[in-house]
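Descriptive structure summary
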Number of protein chains: 10
Amino acid sequence: MSLETFPNQFPGREYEIEIVCPEFTAVCPKTGQPDFGTITITYVPADLCVELKSLKLYLQGYRNRGIYYEHSINVILDDLVAACQPRRMTVVGQFTPRGGISSRITSRFEDARPR
Amino acid sequence: MSLETFPNQFPGREYEIEIVCPEFTAVCPKTGQPDFGTITITYVPADLCVELKSLKLYLQGYRNRGIYYEHSINVILDDLVAACQPRRMTVVGQFTPRGGISSRITSRFEDARPR
Amino acid sequence: MSLETFPNQFPGREYEIEIVCPEFTAVCPKTGQPDFGTITITYVPADLCVELKSLKLYLQGYRNRGIYYEHSINVILDDLVAACQPRRMTVVGQFTPRGGISSRITSRFEDARPR
Amino acid sequence: MSLETFPNQFPGREYEIEIVCPEFTAVCPKTGQPDFGTITITYVPADLCVELKSLKLYLQGYRNRGIYYEHSINVILDDLVAACQPRRMTVVGQFTPRGGISSRITSRFEDARPR
Amino acid sequence: MSLETFPNQFPGREYEIEIVCPEFTAVCPKTGQPDFGTITITYVPADLCVELKSLKLYLQGYRNRGIYYEHSINVILDDLVAACQPRRMTVVGQFTPRGGISSRITSRFEDARPR
Amino acid sequence: MSLETFPNQFPGREYEIEIVCPEFTAVCPKTGQPDFGTITITYVPADLCVELKSLKLYLQGYRNRGIYYEHSINVILDDLVAACQPRRMTVVGQFTPRGGISSRITSRFEDARPR
Amino acid sequence: MSLETFPNQFPGREYEIEIVCPEFTAVCPKTGQPDFGTITITYVPADLCVELKSLKLYLQGYRNRGIYYEHSINVILDDLVAACQPRRMTVVGQFTPRGGISSRITSRFEDARPR
Amino acid sequence: MSLETFPNQFPGREYEIEIVCPEFTAVCPKTGQPDFGTITITYVPADLCVELKSLKLYLQGYRNRGIYYEHSINVILDDLVAACQPRRMTVVGQFTPRGGISSRITSRFEDARPR
Amino acid sequence: MSLETFPNQFPGREYEIEIVCPEFTAVCPKTGQPDFGTITITYVPADLCVELKSLKLYLQGYRNRGIYYEHSINVILDDLVAACQPRRMTVVGQFTPRGGISSRITSRFEDARPR
Amino acid sequence: MSLETFPNQFPGREYEIEIVCPEFTAVCPKTGQPDFGTITITYVPADLCVELKSLKLYLQGYRNRGIYYEHSINVILDDLVAACQPRRMTVVGQFTPRGGISSRITSRFEDARPR
């Protein structure tokens, strides 16, 4: 379940990768009920790209884990940033309705180092 | 019906939470007829997040209350800002047609304190 | 809140009237939470048509009434049949999701008397 | 504003003509307010086809006329049947919402004469 | 048919009101044929809000009036600005196709006075 | 511009071919203005299939030809039936709006010979 | 996780209940990977209706269970028929793509006893 | 590239399996250009179900094969019927436009043996 | 086929006119085949507005004219700018697919004169 | 399979060309399975435009070539920039889901030379 990476073959170019994972599910820590959502990851790679199969398995690791919406999106962002150290990254989680209310969480990272 | 909050675990990060509530209903104070609309709340939390179940109950509190569209959106914004003191917040109300005319009200708050 | 009717000016013709009411709301008798749905009524009038304003007020009468989905659709059908004695009538209720599950109830009436 | 026709060049073939008029408007006789709707006419011609420009002008004739939904659809059907004597014809009126309720009226004619 | 207003209860806040009127109709002064369109009004109120029922009646006043598309949108903007003196206002008219060509006219007002 | 065919390799099987041609244009014989529409042809082949490139050229042959909607659909049906002698065929023409009114013509052929 | 029922208050009427559950997930027994799908249940109740909360928990029971698509739909049908003995029931499972291929399974039950 | 099957666990029940393959591509034998389409297979299994991974590989076998639309759909139907001997099967191919014209081919099999 | 104009009654106001013409067709000079597209014209008028009927006839003038996509959009822009001398104008042509590839051309004019 | 160009007839004007190619397919170098995607190319031409037929053939050259998503988009950008030396160009590849995850790659070029 650890995130893997591969070398970016175009490190000198600022290009963007968007990955959509509509099959995300975790468990609400308060009610024990499953939550369902779509995770969208957008990033500009520096030296490393995220390997998609390991990302799929990493996200499947949340399947039986108790964690809040707001928390999970920020943890995914932190884990991805640690793994591939991108120039910029955004993680969005769009969750299905509960009690007639739906949520979307958006969290961003920007590498502040001089380039 | 009071709004509850929980501590934001990522207070140092500027991330965004969007909440969509398509089941809002209140009563028109002039005609006594029910109004129906979708409330969309978008905010950047500071130290507190809005707890969703209390938000649902808070919005249900408008069910038999006589209040104008324009007023309700601004009151919801004021109550939410008072409860969770966000960095920024927007409340949008999209109301269903009356007499062939539909309305959308958008109201915003921005914390002016230096950071 | 009583249903009113007006004379059908074309009683000899079998024509169909469909009425869509997307602003139906009642209260769940078990949880006390509001339910939201769209009621669609389709009928072939005999001697009477349903008056729309009284229908709107009749449906608003469910606003604070505790009743199950399945029950409400059948009661609405019975009340409308009693009021306007149509040749045929269908009532459909499409309810918004609860716990990730949405429901649609469809109930029909057909006048069995020889014509 | 009288409906005109032209000879059907394929009277021996049972083919269908559908005409959609999304710009129908009349006046409610009770409230004096304008109603708006889409009229859809479907028919199998016998010896005559409806001329479209005269149909447009005929429907514009309802613009300042007080008439109920249910009535107008049946009158349009009667007028069209009288003008072109089709084998079969259906007129559908889909009206925009009033008080949160929308209506669709469907009326049909079938030539019962032996063929 | 005169536009009415009511006091804005939140004059110190810059919030936005959008009103959509899909049932606008006027008469082409050149051909005498009816035009159909959707009028969308967006504004930031200063001390006054537009009263919706008077707006509906005001727009109905164009029903039998001969006026060009381009003209009507600018006249509506001028009349609304005169009535409620908003901080900013936009009026958009989206008209249905004529001769296979459809048009959208967008006109804006901004209060230039120092605030 | 003549329609070509090729042998149906599965003449013993009743299978269906649907062809959609959204780029049909002809000229109105009354006004001289171009008409635009989508032609949809559905048929069950007997011994011959319609060759698509010759069909495209055949339909382009209407580009500068004056012909009514209702007529063109029936002529296309006759020409296609003569060329490929299908078991069954339907031709539908959906035309773009003129004067706010759009039309759809549907014409059918069925081989009545015993099989 | 056992399915519960409640008495049908209108057993003499043939009415239909449709339930849509878009959050179904199980595990592929061959690959160990999670599958995702939408389960749609449509039935005509006899003496019993399916209780929705127990249905939600019953379907959650598949979350960590290894079972094929085709199998799960038929097992759900068998379990629901055993629990509520409906007059008729259909279960449809629409599964998300795997390897560029998506599947939908539809299984039906009809009570053959004379009525 | 041979089609594989697995035993149907519910052979006594008439249930339906629909498989959608939007990534079908073959080569036009006349022009050498690639064709693209979506293949939809619907069948009622008898004793055998089609294994999806082998189906994917089987359809990939058309990637560099010169074959006409109409032919390929009928060959796929024949191959699938031979492999799994279903009670009924339909294969539909919806192909992307060429020269402004798109095609859909639908072919059906029904087992005529007494049951 | 010459473009006509009429005086802009609100020359002091910067407002926008968008005109959509979905029935544009020309002939490819290389293949002789017809091309089809939608032309969208957006402009801010100065002293003159484009008269729509003459625009329709002007665009019909391309019907049998051999011209490339990229060329036609720029020629239309030049002709319209010469005719009405707008403050700003954009012409967009969205063309239907050829060989599985579709194109959109966007060309802009801005009056550089001091105002 | 080499990219061809033709002279831009409006080199002094900054206008934009967008080309959408929904039928792109290549082979995954790791699994040997085909990938499918839509390539969208947007550019402002300098002295040369890309000839569309050669572009189609160039993209068909990827059909049996093993290359990663991320790589192919950047190679296409490099090849197109080398061929037509545009002022600016963006290439976007939207790929169909694999393992429930879909990707979009966006790469950009800007001519840095003084103009």
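Looking at an unreviewed UniProt entry, chain A carries the name NADPH-dependent 7-cyano-7-deazaguanine reductase, with the source organism given as Tautonia sociabilis. Recorded in UniProt under Sequence similarities (unreviewed entry), the annotation for chain A is "Belongs to the GTP cyclohydrolase I family. QueF type 1 subfamily." Of the comments in the UniProt record for chain A, the one headed Function (unreviewed entry) reads "Catalyzes the NADPH-dependent reduction of 7-cyano-7-deazaguanine (preQ0) to 7-aminomethyl-7-deazaguanine (preQ1)."

Another aspect to go through is the pairing of strand 2 (residues 16-27) of chain D. Of all 12 residues in strand 2 of chain D, 9 are buried, a share of seventy percent or more. Bridge analysis of strand 2 of chain D against strand 6 (residues 101-110) of chain F gives 5 bridges, and the strand direction is antiparallel. Across the sheet, Val20 of chain D pairs through a bridge with Ser102 of chain F, a residue of strand 6 of chain F. Here 9 bridges tie strand 2 of chain D to strand 3 (residues 34-44) of chain D, and the two strands are oriented antiparallel to one another. Bridged to Cys21 of chain D within strand 3 of chain D is Ile39 of chain D. What sits between the antiparallel neighbours strand 2 of chain D and strand 3 of chain D is a turn of 6 residues, in which Gly32 of chain D has the positive phi angle 75°.

As a further point, take empty space enclosed by the protein. Tallied over the entire structure, the rule returns 4 cavities of 30 Å³ or more. Space inside the largest cavity adds up to approximately 150 Å³. In this structure, the largest cavity is lined by 13 residues; those nearest its centre are Glu23, Phe24, Lys56, Leu59 and Gln60 of chain C. Mapped onto the lining of the largest cavity, the elements with two or more residues apiece are strand 3 (34-44) of chain B together with strand 2 (16-27) and helix 1 (52-60) of chain C. When residues in the lining of the largest cavity are grouped by element, the largest group, 4 residues, is from strand 2 of chain C. Class assignment for the residues of the lining of the largest cavity results in 6 nonpolar, 4 polar and 3 charged.

Attention now goes to the environment of Ile67 of chain D. All names here are of chain D. Positionally, Ile67 belongs in the loop between helix 1 (52-60) and helix 2 (69-84). Given the relative accessible area of 6%, Ile67 is considered buried. Spatially, the C-alpha atoms of Ile67 and Gln9 are 36 Å apart, while their sequence positions differ by 58 residues. Look past the residues within four positions of Ile67 in its chain and what remains in contact with it is Ala26, Val27, Cys28, Pro29, Tyr62, Ser72 and Val75.

The next point concerns the interface of chain D and chain F. Counting from both sides, the interface comprises 17 residues of chain D and, opposite them, 18 residues of chain F. Run the count over chain D and chain F and you get 3 salt bridges. In this structure, Glu18 of chain D and Arg104 of chain F form a salt bridge, with 2.8 Å as the shortest nitrogen-oxygen distance. On the surface where chain D and chain F come into contact, there are 7 residue pairs in polar contact (both at pLDDT 80 or more). At the level of secondary structure, the elements contributing two or more residues to the side of chain D that touches chain F comprise strand 2 and helix 1 of chain D. Its residues assigned to classes, the side of chain D that touches chain F comprises 10 nonpolar, 1 polar and 6 charged.

Okay, helix 1 (residues 52-60) of chain I next. Buried within helix 1 of chain I are the following residues: Ser54, Leu55, Lys56, Tyr58 and Leu59 of chain I. In this structure, the buried side of helix 1 of chain I is in contact with strand 6 (101-110) of chain E together with strand 2 (16-27), strand 3 (34-44), strand 4 (48-50) and helix 2 (69-84) of chain I. The opening residue of helix 1 of chain I is Glu51 of chain I, an N-cap whose side-chain oxygen sits 3.2 Å from the backbone nitrogen of Lys53 of chain I.

What follows deals with the interface of chain G and chain H. Quoted interface sizes are often the accessible area lost when the parts come together. In this assembly, 18 residues from chain G lie in contact with 17 residues from chain H. Three residues, Glu70, Ile101 and Arg104 of chain G, lead the burial of chain G against chain H; their summed loss comes to 33% of the area buried on that side. Counting across the interface, chain G meets chain H through 3 salt bridges. For the pair chain G and chain H, the number of links is 7 residue pairs in polar contact (both at pLDDT 80 or more). Going through the elements one at a time, helix 2 (69-84) and strand 6 (101-110) of chain G are the ones with two or more residues in the side of chain G that touches chain H. Sort the elements by how many residues they give to the side of chain G that touches chain H and strand 6 of chain G lands first, with 8 residues. Residue classes in the side of chain G that touches chain H are distributed as 5 nonpolar, 8 polar and 5 charged.

This part is about the UniProt feature "binding site: substrate" (unreviewed entry) in chain A. UniProt's feature table lists "binding site: substrate" (unreviewed entry) at Val50, Glu51, Leu52, Tyr69 and Glu70 of chain A, given in the numbering used throughout. A stretch of 21 residues holds the annotated residues, and the largest C-alpha distance among them is 24.5 Å, long enough that they do not meet in one place. Structurally, Leu52 of chain A is set in helix 1 (residues 52-60). The exposure class assigned to Leu52 of chain A is partly exposed, which follows from its relative accessible area of 23%. Excluding anything up to four places from it in sequence, Leu52 of chain A contacts Ile19 of chain A together with Tyr69, Ile101 and Ser103 of chain J. With respect to the helices and strands, Tyr69 of chain A occurs in helix 2 (residues 69-84). Relative accessible area serves as the criterion here: at 11%, Tyr69 of chain A is assigned to the buried category. The residues contacting Tyr69 of chain A, other than those within four sequence positions of it, are Asp35, Phe95, Thr96, Arg98, Ser103 and Ile105 of chain A together with Leu52 of chain B.

What counts, and at which threshold
Every residue gets a number counted from 1 within its own chain, in the order that chain's sequence is written. Naming scheme: in the order in which they are written, chains are lettered from A and ligands are numbered from 1. Residue-level local features of this predicted model are given only where pLDDT is at least 70; pairs of side-chain atoms are given and counted only at 80 or more, and the full residue set underlies all totals for whole chains, interfaces and linings. Calculation of side-chain values draws on the structure's entire complement of heavy atoms; hydrogens and water are dropped beforehand. UniProt positions are given in the numbering used here, feature names are shortened, and annotations may be inferred rather than shown by experiment. Exposure is judged per residue with a 1.4 Å probe applied to protein chains only, and the accessible area is read against the type maximum: over 50% gives exposed, under 20% gives buried, and values in between give partly exposed. Only DSSP runs of H or I covering at least 4 residues are called helices, and only runs of E covering at least 2 are called strands; the numbering of each starts at the N terminus. Strands were regarded as paired on the criterion that DSSP finds at least two bridges between them. A cavity here means a set of points on a 1 Å grid, drawn over the protein atoms and nothing else, where a 1.4 Å probe fits but cannot get out; a pocket is an open set with protein on both sides within 12 Å along at least five of seven lines, and a residue lines either one if it has an atom within 4 Å of a point. Grid points are joined across faces, edges and corners, and a volume is the space filled by probe spheres set on the points. Amino acids outside the nonpolar list (Ala, Val, Leu, Ile, Met, Phe, Trp, Tyr, Cys, Pro) and the charged list (Asp, Glu, Lys, Arg) are all regarded as polar, and Gly is one of them. Contacts were defined at the residue level, with two residues in contact if any of their heavy atoms lie within 4.5 Å. Salt bridges are defined as contacts in which a side-chain nitrogen from Lys or Arg sits within 4 Å of a carboxyl oxygen from Asp or Glu. A 3.5 Å cut-off defines polar contacts: any pair of N or O atoms within that distance qualifies, except that in protein one atom must be a possible hydrogen donor and the other a possible acceptor, and neighbouring residues in sequence count only when both atoms are side-chain atoms. Defined in terms of a 1.4 Å probe, buried area is the accessible area two parts forfeit on being brought together, summed over both.

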